[in-house]
Amino acid sequence: MVTALNFADPKFIEDPFPFYEMGRRMSPLYLEQPGMWLVFGYNDIQGILKDNSSWNSAFAPPPGTENPPPPSLLGSDPPRHTRLRALVSQAFTPRMVEQLEPRIRQIAAELLDPILAAGQADIVDALTYPLPVIVIAEILGVPPEDRATFKRWSNEIVATLGTGIDNPGRGLAEETFEAMRSYFEKMTEERRANPKNDLISGLVQAELDGEKLNFQELLQMLILLLVAGNETTTNLIGNAIIEFMNHPDQLAKVEADRTLVPNAIEEVLRFSSPVQATVRRAVHTQELGGKTIEQGQQAVVWLAAANRDPEIFENPASFDVTRNPNRHLSFGHGIHFCLGAPLARLEAKVAIEELLNRAKDFHRTDNEPLPRVPTFIMRGVRSLPIAFTAR
């Protein structure tokens, strides 16, 4: 039993992997403050994620909360989850996503071409930040002039993720939600009057069993799509570039054989997962790893720890772009498996391919610590200055 851990400590956010290694030996581990379990082993985590009858995702607002907002897709369970997912899933099927590849490749090329002559750039600002936000904005139907505002909102929301333990960003997030509420109210009214060929129009008009999304549900869905649709993919592409620079032998393999790019993306997902953890709640009192989890208790399941479990992965601390099979849990498992996984994989593949087509000899321009995304829930950097040689 552990009294408390500081998950906001920059040292922990920079290198949580020793903690994960220790956690796998002690899992499940109970934290007296804030009163929750931590689970680290692959098999236990996979079991929790796929057993929705014993572990649910239902959001529980703090005691005394008046008129709590409806839970998002992530915080819902069947039948509500089934209904919400059905309304949005058609836009993210592998077939629908595949049709986006030419446009994604065009966007990546337009972003990369202007930086080649300089031989250096902050690749987050130049590529990993704008590419996903442009793509998700175009899918949703957000005008180009509003993209910067969207990204700012996303950053502010992400800064509060995982801080329910001690949430200094709560006030800022409330302001952000109110700004988004006002923005989307106007946009949904517009789309009701004048539908377009975009996802917001589709959600406004979509019905399932004769029932439309109410505005609160629509707002939660759009917020989720905004954050999940750009933040995690920004981090995935950035983490890929970091790991290629940290492992030049593996980058050389990918440069020599571009068919390895999709496999390399899967290894980045395992080795440096953009989403490090998620949360579940015990539906009933149960045993896990010889310990009793009481009904209603929460468990943080550390996906990134599962991804380095030596019982599942050979040499788990090694970055290997040829690793196969690679059964990482970075997109989750079960009914909450990431809806946007096909889009994230495609955007990362295209970004890396277009970057390798145009440049080589990547290296950091300084040795300063990289500014990390300020939450233990996600892993990524806010800035990544690199130098390179144009091909």
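Now for a description of the structure that goes with this document. Since this is a predicted model, take the numbers as computed values, not measurements. (Residues numbered from 1 in each chain as written. Predicted model: local features only at pLDDT ≥ 70, side-chain atom pairs only at ≥ 80, totals over all residues. Heavy atoms only, no water.)

Let's talk about the overall build of the protein
Move 1: Scanning the protein for helices and strands turns up 16 helices and 12 strands.
Move 2: Taken over C-alpha atoms, the radius of gyration comes to 21 Å for the protein, in line with the 21 Å a tight globule of 391 residues would show.
Move 3: Based on the C-alpha atoms only, the size of the protein along its principal axes is roughly 60 × 60 × 35 Å.
Move 4: Counting every position in the protein, which comprises 391 residues, the buried fraction comes to 53%.
Move 5: When contacts within the protein are restricted to residue pairs at least 6 apart in sequence, those whose partners lie at least 24 apart make up 72%.
Move 6: Summed over all atoms, the accessible surface of the protein reaches about 17600 Å², with 52% contributed by carbon and sulfur.
Move 7: Positive and negative charge centroids in the protein, built from 38 and 50 side chains respectively, lie 2 Å apart. (Helix = DSSP H or I, 4+ residues; strand = E, 2+ residues; numbered from the N terminus. Rg over C-alpha atoms; globule rule 2.2 N^0.38 Å. Buried < 20%, exposed > 50% of the residue type's maximum accessible area, 1.4 Å probe, protein only. Contact = heavy atoms within 4.5 Å. Areas by Shrake-Rupley, 256 points an atom, 1.4 Å probe, with all protein chains shown as cover. Lys, Arg positive; Asp, Glu negative; His and termini not counted. Charge placed at Lys NZ, Arg CZ, Asp CG, Glu CD.)

So, the packing of aromatic side chains
Move 1: Counted under the stated rule, the structure contains 23 aromatic pairs.
Move 2: Between the aromatic rings of Phe7 and Trp302, the centroid separation amounts to 5.5 Å while the plane-to-plane angle is 55°, which identifies the pairing as tilted. Of the two residues, Phe7 is situated in the segment before α1 (10-14) and Trp302 in the loop between β10 (298-301) and α15 (303-306); the sequence distance between them amounts to 295 residues.
Move 3: Under the relative-accessibility criterion, Trp302 is labelled buried at 0%.
Move 4: Geometry around Phe313 places Arg270 over its ring, the cationic atom sitting 5.4 Å from the centre.
Move 5: The lysine or arginine in question, Arg308, covers the ring of Phe271, its NZ or CZ lying 4.0 Å from the ring centre. (Phe/Tyr/Trp six-rings, centres within 6.5 Å; stacked < 30°, edge-to-face > 60°. Lys NZ or Arg CZ within 6 Å of the ring centre and 35° of its normal.)

Looking at unusual backbone geometry
Move 1: The peptide bond linking Ser27 to Pro28 adopts the cis configuration, its omega dihedral lying at -5°.
Move 2: Along the polypeptide, Pro28 turns up in the loop between α2 (17-26) and β1 (29-31).
Move 3: Across the junction of Asn324 and Pro325, the peptide omega takes the value 5°, indicating a cis bond.
Move 4: Tracing the backbone through its elements, the reader meets Pro325 in the loop between α15 and α16 (341-358).
Move 5: Residue Asp361 is not a glycine yet carries a positive backbone phi of 55°.
Move 6: Structurally, Asp361 is set in strand β11 (residues 359-364).
Move 7: A relative accessible area of 46% places Asp361 in the partly exposed class.

A closer look at the packing of helix α12 (residues 215-246) against helix α13 (residues 248-256)
Move 1: Look at α12 against α13: their axes get within 5 Å of each other, and the N-to-C directions meet at 110°. The angle between the axes of α12 and α13 places the two elements in the roughly perpendicular class. Here Phe244, Met245 and Asn246 of α12 come into contact with α13, specifically with Pro248, Leu251 and Val254.
Move 2: Looking at side-chain class alone, the contact of α12 with α13 contains 5 nonpolar, 1 polar and no charged residues. (Axes fitted to C-alpha atoms, helices over the stretch in contact; angles between N-to-C directions. Parallel < 35°, antiparallel > 145°, perpendicular 65-115°, else oblique. Nonpolar A, V, L, I, M, F, W, Y, C, P; charged D, E, K, R; others polar.)

Some thoughts on the sheet that holds strand β7 (residues 278-282)
Picture the strands of a sheet paired through backbone hydrogen bonds; they go either parallel or antiparallel.
Move 1: Read across the sheet, 5 strands follow the order β1-β2-β10-β7-β3 without closing on themselves; strand pairing throughout is mixed. Taken across any chain shown, the strands that pair with only one partner, and hence form the sheet edges, are β1 and β3 (55-56).
Move 2: By the bridge criterion, 4 bridges tie β7 to β10 in an arrangement that is antiparallel. For Arg281, the partnering residue across the bridge sits in β10 and is Gln298. (Pairing = 2+ DSSP bridges.)

Examining the sheet that holds strand β4 (residues 120-122)
Move 1: Spatial ordering of the open sheet is given by β4-β12-β11, a layout of 3 strands whose pairing is antiparallel. Looking at the sheet topology across the chains shown, the edges are occupied by β4 and β11. Going across the sheet, the axis of each strand differs from the next one's by a mean of 30°, ignoring polarity.

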